[in-house]
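Residue-level structure breakdown
Listed below are the residues making up each chain.
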Amino acid sequence: MVEIAVLALSLYSFKSRAAVLYKKWSKSAVLLDVTRKSQKAQLEDPAIRPILEKKLNSEDRPSWQEIAPESPATKRYWTLWDFLHLKDGVQYRKWEGDDGSFCRWQLILLKSRIQDVLRETHDSASGGHFGVMKSLSKIRERFYWDRLRTDVEKWCRDCHACGARKGPKTRTNGRTRTKYMRKYFCSQRQVEQNKKGINEKFYAFLNKKRRNVINTTAREDFNSLIANTTSS
């Protein structure tokens, strides 16, 4: 019973801490500043602008031929056309649960502000250096952008504080070290054998050349001897 009570207390304290951090995070100056960005700022983003302009002109989804010249990010936003809506002229993504249990209006974030949101969500005092899923969940409460999950995973993976806390990612066991050492020494032995073979071939080549030189000299001496005998 005591262990259950301790576990329940620790779980409650963790949830309380997470709630406090989320409250601080949601009211942070950086996120409030990002949220206040207007339609003009979104129109300056090259990935968001084409979709926003077409949304302002018509609710009908543009054809693929119209979107084909645009960037890959714009094309991915185009696939979300039915989930993108305008609120006061600003583009949002409507994110609903499969069972309809929740609905979130996610601001389509400018590319220039992605690092600010990631830093505030993960690195700041209100971020808490949580893992990928918790950081992703917090961001999805208010924001969306192209390649959101990939950016969050990379940010958490490259975080020095998280890396120092977790320690090295991989450890090499003794068997693996032995295997690689065996491969190394086998390769070294092969190199030595190759050197030996090359040396043997080289010396054989020199001996052959030397024999050819000796044979040539002897033949010349013999020819000169025959010539002298004949003349006398």
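Here, the structure is the one placed above.
Right, let's walk through the structure included here. Keep in mind it's a predicted model, so treat the numbers as computed, not measured.

**Digging into the nonpolar core**
In terms of nonpolar packing, the biggest core is built from 30 residues, with Tyr77, Ile139 and Trp145 touching the most fellow members. Every element with two or more residues in this core is listed here: helix 4 (49-57), helix 6 (72-79), strand 2 (90-96), strand 3 (103-108), helix 7 (114-123), helix 8 (132-140), strand 4 (143-144) and helix 9 (148-157). Take this core: its biggest share by element is four residues, from helix 9. Sequence-distant contacts of tryptophan 145, defined by excluding residues within four places in its chain, comprise Tyr77, Leu109, Ile114, Val117, Leu118, Ile139 and Asp151.

**Looking at the sheet that holds strand 4**
Spatial ordering of the open sheet is given by 1-2-3-4, a layout of four strands whose pairing is mixed. Across the chains shown, the open sheet's two edge strands, defined by having one partner strand only, are strand 1 (84-87) and strand 4. Relative to strand 3, strand 2 runs antiparallel, the two being bridged by five bridges. Within strand 3, the residue paired with arginine 93 across the bridge is glutamine 106. Docked against the sheet, helix 4 engages strand 1 and strand 2, running at close to 70° with respect to strand 1.

**Some points on the packing of aromatic side chains**
All told, the structure shown has two aromatic pairs when counted by the stated rule. Between tryptophan 64 and tryptophan 78 the ring centres are 5.3 Å apart and the planes differ by 55°, which places this aromatic pair in the tilted class. In this pair, tryptophan 64 is assigned in helix 5 (residues 64-67) and tryptophan 78 in helix 6, connecting sequence segments 14 residues apart. Here tryptophan 78 falls in the buried class, since its relative accessible area comes to 13%. In this structure, lysine 55 is placed above the aromatic ring of tryptophan 81, and the distance from its NZ or CZ to the ring centre is 4.3 Å.

Analysis parameters
Residues numbered from 1 in each chain as written. Predicted model: local features only at pLDDT ≥ 70, side-chain atom pairs only at ≥ 80, totals over all residues. Heavy atoms only, no water. Core = buried A, V, L, I, M, F, W, Y, C linked by side-chain atoms within 4.5 Å. Buried < 20%, exposed > 50% of the residue type's maximum accessible area, 1.4 Å probe, protein only. Helix = DSSP H or I, 4+ residues; strand = E, 2+ residues; numbered from the N terminus. Contact = heavy atoms within 4.5 Å. Pairing = 2+ DSSP bridges. Axes fitted to C-alpha atoms, helices over the stretch in contact; angles between N-to-C directions. Phe/Tyr/Trp six-rings, centres within 6.5 Å; stacked < 30°, edge-to-face > 60°. Lys NZ or Arg CZ within 6 Å of the ring centre and 35° of its normal.

Read these as geometric descriptors, not functional statements.
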